[in-house]
Each structure stands twice: as C-alpha cells, then as structure tokens.
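Descriptive analysis of the structure
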Amino acid sequence: MLESEAGREGMRCQQLAAALGLQAVPTKVEGLRSKAKRLVERGWAVQVRPGVFTALGMPPG
C-alpha cells in the first residue's frame, strides 16, 4: 500500500507506532490510541472505523 493510500484509509495504532519508529508493544500502542482519540475529540483527526485513525488535511494558508 502506498503511503498516500494509507493516509486516506487511515492507520491502526499498531501501524502508526511502527511508522513512528516505536516498538509495537501494548503500552506504546495504547498510548497512541489514547492520543489519537484526543485528536479526534479536538477535531484534528478522524476515526474512519473503530480503531482506525487518519489526520485531517491542513487548510492552505
């Protein structure tokens, strides 16, 4: 899957941990999941499906 396709479809937190260079251990994955949910609440990200998150595009400016 191309990186741009992953961005549109979203990523699971385990995939996100690996992409960020973190170990995909439960403590890191759960921390990312918590942060991703906070970003959704603040309107900076979208939960595409349960457990799958993607960032919102930045408006030009």
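Our subject is the structure that appears above.
Treat the numbers as computed from the prediction; the structure is a model and nothing was measured.

1. Here's the deal with the pattern of salt bridges
Taken as a whole and judged by the stated rule, the model has one salt bridge. As a salt-bridge pair, E30 and R33 come within 2.4 Å of each other at their nearest N and O atoms. Here R33 and E30 lie together in helix α3 (residues 26-41), a separation of three residues that amounts to about one turn. Take R33: its relative accessible area is 25%, and that puts it in the partly exposed class.

2. Quick look at a positive patch on the surface
Side chains of K28, K35, R38 and R42 sit close together on the surface and give a patch of like positive charge. Secondary-structure assignment places K35 in helix α3.

What counts as what
- Residues numbered from 1 in each chain as written.
- Predicted model: local features only at pLDDT ≥ 70, side-chain atom pairs only at ≥ 80, totals over all residues.
- Heavy atoms only, no water.
- Salt bridge = Lys/Arg side-chain N within 4 Å of Asp/Glu carboxyl O.
- Helix = DSSP H or I, 4+ residues; strand = E, 2+ residues; numbered from the N terminus.
- Buried < 20%, exposed > 50% of the residue type's maximum accessible area, 1.4 Å probe, protein only.
- Patch = residues over 30% accessible without salt bridge, like charges linked within 9 Å, V, L, I, M, F, W, Y side chains within 5 Å.
- Areas by Shrake-Rupley, 256 points an atom, 1.4 Å probe, with all protein chains shown as cover.
- Lys, Arg positive; Asp, Glu negative; His and termini not counted.
- Charge placed at Lys NZ, Arg CZ, Asp CG, Glu CD.

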